[in-house]
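Each chain, letter by letter, is given below.
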Amino acid sequence: MVEGGVRKGEARQITEAVLKVLGEALSEGEELNIPPLGKLKINRQFEKNGDEILVVKLRRKGADTTDAGASEKSDQNPLADPGEGR
């Protein structure tokens, strides 16, 4: 059992169903407000190689911006390069 008293398999089915509905809503251009995650809004939407690409803006009110892995040094830049995904 996972938190909430639901079996792992049931939790997976529920999660996938919720994510499907949220994805469809975003695809239709709806803004979503999902506490405590934040407010999701489509920034750009296009098709590439038959796939739908959604660039989503996430606004989190009062979000803790400290990165759990910030203490580890990394040479990799976590930000996308300009024009990436176009």
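In this structure the tally under the stated criterion is 1 salt bridge. As a salt-bridge pair, Glu31 and Lys39 come within 3.6 Å of each other at their nearest N and O atoms. By relative accessible area, which is 42% here, Glu31 ends up partly exposed.

Below, the discussion takes up the nonpolar core. Judged by nonpolar contacts, Ala25, Leu26, Leu32, Leu40 and Ile42 together constitute the single largest core of 5 residues. Those elements giving two or more residues to this core turn out to be α1 (8-27) and β2 (38-48). Discounting chain neighbours no more than four positions away, the residues touching Ile42 are Leu26, Leu54, Val55 and Val56.

Where strand β1 (residues 32-34) and β2 come together, 3 bridges link them in antiparallel fashion. If you follow Asn33 over to β2, its bridge partner there is Lys39. Here β1 folds back onto β2 in antiparallel fashion, the turn holding 3 residues. One ladder, built from 9 bridges, connects β2 with strand β3 (residues 51-59); its direction is antiparallel. Paired with Lys39 across the bridge in β3 is Arg59. Count of turn residues in the β2/β3 antiparallel hairpin: 2 residues, of which Asn49 carries a positive phi of about 55 degrees.

This paragraph deals with unusual backbone geometry. The omega torsion of the bond from Pro35 to Pro36 falls at 0 degrees, within 30 degrees of zero and hence cis. Within the fold, Pro36 resides in the loop between β1 and β2. The backbone of Asn49 shows a phi angle near 55 degrees, a positive value even though the residue is not glycine. Here Asn49 is to be found in the loop between β2 and β3. Of the residues examined, Asn49 reaches a relative accessible area of 75% and is grouped as exposed.

Spatially, 3 strands are ordered β1-β2-β3 in an open sheet, and the strand pairing comes out antiparallel. On the outer flanks of this sheet lie β1 and β3, each paired with one strand and no other. Each neighbouring strand pair of the sheet contributes to a mean axis angle of 35 degrees, computed without reference to strand direction. Strands β1, β2 and β3 of the sheet are contacted by α1, whose axis makes an angle of about 145 degrees with β1.

Cut-offs applied
- Residues numbered from 1 in each chain as written.
- Predicted model: local features only at pLDDT ≥ 70, side-chain atom pairs only at ≥ 80, totals over all residues.
- Heavy atoms only, no water.
- Salt bridge = Lys/Arg side-chain N within 4 Å of Asp/Glu carboxyl O.
- Buried < 20%, exposed > 50% of the residue type's maximum accessible area, 1.4 Å probe, protein only.
- Core = buried A, V, L, I, M, F, W, Y, C linked by side-chain atoms within 4.5 Å.
- Helix = DSSP H or I, 4+ residues; strand = E, 2+ residues; numbered from the N terminus.
- Contact = heavy atoms within 4.5 Å.
- Pairing = 2+ DSSP bridges.
- Axes fitted to C-alpha atoms, helices over the stretch in contact; angles between N-to-C directions.

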